[in-house]
Amino acid sequence: MKLSDIAKSLVVSRKGILAADESVGTMTKRLDAIGIPSTSENRSLWREIMATTFGIESYISGVILFDEILRNPLPNGKMIGKLLQEKNILPGIKVDKGTVKFNSEEETFTLGLDGLTERLEEYKKMGSVFTKWRAVYKIGENLSSTAAITANSIGLAEYALLVQKAGLVPIVEPEILVLKGNHDINKSKEVTEKVLKDVFYWLKEFGVKLDSMLLKPNMVLAGKDSLNQPKAEEIARMTVEVLQVAVPPEVPGIVFLSGGLTPDQATEYLKTMNQSNEKVPWQLSYSFGRALQQEALRVWGGKSENVKAAQDAFLVRAKKVSEARNGK
Ligand code: 13P
């Protein structure tokens, strides 16, 4: 399949992406929070529970995985890449190697370009057809700094170019930590616009094919500690306004991260954006991690007798998010 067709099929109507690519460290945090020991068996079992949920393929077009999970058999003995393919779900892989702090503000850039081409060849053999790279930005009075914005944009562009050269679709994820702090939504809009414009400047400079990638941004939100909390309509309007000035129309889809919003909030904001009468050139879809998994993970609680109930909860949330993606 052509890369542009893979990108389009990931954002086909009624479907979106499940981000299940938590690193060992992040997954350990999620499991610790509900008292489940973070053994490789449990980390793997959780992904198996999601991937074997009956009917999930109606709502999920692709799943982003982490190296440990793609590489090793699941507890049921199957390889997850194969299992997803059998359900017509595209396997993807997170290929960045996390962030490193570089200044006194503790801003970061992302590592992982070394040996990337060789790793991509290996991931392709394991069935991956798309990838993800996450850059993280802080928001604050003088943040994000020009250094953080430029370093991360160039990293994202180099990554996306190498991924397309290797014959996979890159998801470009510039995540501004918009929920952290007491800034209002206008500040979040300003920083998101600045970052996205710079990301696309460099993607174009490096010759990344815009019709063969997806953008995974944050929504435009006020900080958690802001006294001025916007309503869904304002969040949706401001997010779409930023995308309209920063994202070229050739990009087939925008797949939002949930970024610490509750599942209901993330679902509502996605729905409101898709209800807007504003005609936009891209599909507005999802690549949620926590907003898709959080409720089901709690229901499971690491107990085999809860697997069915957890899968039911997962399916219910996936259906809601899918409907939201179509404005319902
Ligand atoms: P959240 O939806 O939990 O933010 O996760 C998405 C993701 O992949 C972050 O990199």
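An unreviewed UniProt entry lists the chain under the name fructose-bisphosphate aldolase. According to the UniProt record, the Pathway (unreviewed entry) comment for the chain is "Carbohydrate degradation; glycolysis; D-glyceraldehyde 3-phosphate and glycerone phosphate from D-glucose: step 4/4." UniProt's Sequence similarities (unreviewed entry) comment on the chain is quoted here verbatim: "Belongs to the class I fructose-bisphosphate aldolase family."

Enquirer: Give a detailed account of the site of the ligand, specifying residues and quantitative values.
Expert: Residues in close proximity to the ligand total 13 residues, the closest being Lys216, Ser258, Gly259, Gly289 and Arg290. Contacts to the ligand include Lys216, whose side-chain N or O atom sits 2.7 Å from an oxygen atom. In the model, an oxygen atom of the ligand is placed 2.4 Å from a nitrogen or oxygen of the Ser258 side chain. Burial of the ligand by the protein amounts to 91% of the accessible area it has alone, namely 300 Å².

Enquirer: Account for unusual backbone geometry, naming residues and giving values.
Expert: Backbone torsion omega between Leu143 and Ser144 reads 0 degrees, so that peptide bond is classified as cis. Within the fold, Ser144 resides in the loop between strand E6 (130–137) and helix H7 (146–165). Phi at Asn88 takes a positive value of approximately 65 degrees, unusual for a residue other than glycine. When its relative accessible area of 65% is taken as the criterion, Asn88 is described as exposed.

Enquirer: Can you tell me about the pairing of strand E2 (residues 60–65), naming the residues and giving the values?
Expert: With 6 of 6 residues buried, E2 is to be regarded as a mostly interior element. With 4 bridges connecting them, strand E1 (residues 16–19) and E2 associate as parallel partners. Across the sheet, the residue bridging to Gly16 is Ile60, located in E2. When E2 meets strand E3 (residues 90–94), the two strands line up parallel, connected through 4 bridges.

Enquirer: Kindly report on the packing of aromatic side chains, identifying the contributing residues and their values.
Expert: Throughout the structure, instances matching the rule amount to 6 aromatic pairs. Taken together, a centroid distance of 5.3 Å and an interplanar angle of 25 degrees make the contact between Trp133 and Tyr159 stacked. In this pair, Trp133 is assigned in strand E6 and Tyr159 in helix H7, connecting sequence segments 26 residues apart. Each member of the pair Trp133 and Tyr159 is classed as buried. Ring centres of Tyr286 and Phe288 lie 5.8 Å apart, and the angle between their planes is 40 degrees; on these two criteria the pair is classed as tilted. Each member of the pair Tyr286 and Phe288 is classed as buried. Put simply, the rings of Tyr201, Trp202 and Phe206 pair up and form one aromatic cluster.

Enquirer: Describe in detail the environment of Leu243, supporting the description with residues and values.
Expert: With respect to the helices and strands, Leu243 occurs in helix H9 (residues 232–246). Once you skip the residues sitting within four places of it in the chain, Leu243 turns out to touch Leu196, Leu215, Pro217, Ile254, Phe256, Trp282 and Leu284.

Enquirer: Could you give an account of H7, naming the residues involved and the relevant values?
Expert: Each α-helix winds once per 3.6 residues, and so residues spaced three or four apart point in a common direction. Its 20 residues place the ends of H7 28 Å apart at the C-alpha level, agreeing with the 28 Å of an ideal helix rising 1.5 Å per residue. The set of residues buried in H7 consists of Ala148, Ile149, Asn152, Ser153, Gly155, Leu156, Ala157, Tyr159, Ala160, Val163 and Gln164. Close packing links the buried residues of H7 with helix H1 (3–10), strand E5 (108–110), helix H6 (116–125), E6, strand E7 (169–176) and helix H8 (185–205). Gly167 sits one or two residues past H7 and shows a positive phi near 90 degrees.

Enquirer: A description of the sheet that holds E1 should follow, citing residues and the corresponding values.
Expert: Backbone-to-backbone hydrogen bonds join strands into a sheet, with any given pair of strands oriented parallel or antiparallel. Taking strand neighbours around the barrel as the criterion, the 8 strands line up as E1-E2-E3-E6-E7-E8-E9-E10 in a closed arrangement whose pairing is parallel. Sitting on the sheet, H7 touches E6 and E7, and the angle it makes with E6 is about 175 degrees. Against the sheet, helix H12 (residues 307–325) engages E1 and strand E10 (283–288), with an angle of about 155 degrees to E10.

Enquirer: Account for the environment of Gln229, naming residues and giving values.
Expert: Checked against the element boundaries, Gln229 lands in the loop between strand E8 (214–215) and H9. We classify Gln229 as partly exposed; its relative accessible area is 46%. Separated by 72 residues in sequence, Gln229 and Ala157 have C-alpha atoms that sit 34 Å apart. Excluding residues that lie within four positions of it along the chain, Gln229 makes contacts with Ala222, Gly223 and Lys224. Here the side chain of Gln229 touches Gly223 through a polar contact of 2.8 Å, landing on its backbone oxygen.

Enquirer: Mind laying out a positive patch on the surface, listing which residues take part and the relevant values?
Expert: On the surface, Lys29, Lys101, Lys138 and Lys180 cluster together into a patch of positive charge. Mapped onto the secondary structure, Lys101 falls in strand E4 (residues 99–101).

The rules we used
Residues numbered from 1 in each chain as written. Predicted model: local features only at pLDDT ≥ 70, side-chain atom pairs only at ≥ 80, totals over all residues. Heavy atoms only, no water. UniProt positions renumbered as here; feature names shortened; annotations may be inferred. Near = heavy atom within 4 Å. Polar contact = N/O pair within 3.5 Å; in protein donor to acceptor, adjacent residues only side chain to side chain. Areas by Shrake-Rupley, 256 points an atom, 1.4 Å probe, with all protein chains shown as cover. Helix = DSSP H or I, 4+ residues; strand = E, 2+ residues; numbered from the N terminus. Buried < 20%, exposed > 50% of the residue type's maximum accessible area, 1.4 Å probe, protein only. Pairing = 2+ DSSP bridges. Phe/Tyr/Trp six-rings, centres within 6.5 Å; stacked < 30°, edge-to-face > 60°. Contact = heavy atoms within 4.5 Å. Expected span 1.5 Å × (residues − 1). Axes fitted to C-alpha atoms, helices over the stretch in contact; angles between N-to-C directions. Patch = residues over 30% accessible without salt bridge, like charges linked within 9 Å, V, L, I, M, F, W, Y side chains within 5 Å. Salt bridge = Lys/Arg side-chain N within 4 Å of Asp/Glu carboxyl O. Lys, Arg positive; Asp, Glu negative; His and termini not counted. Charge placed at Lys NZ, Arg CZ, Asp CG, Glu CD.

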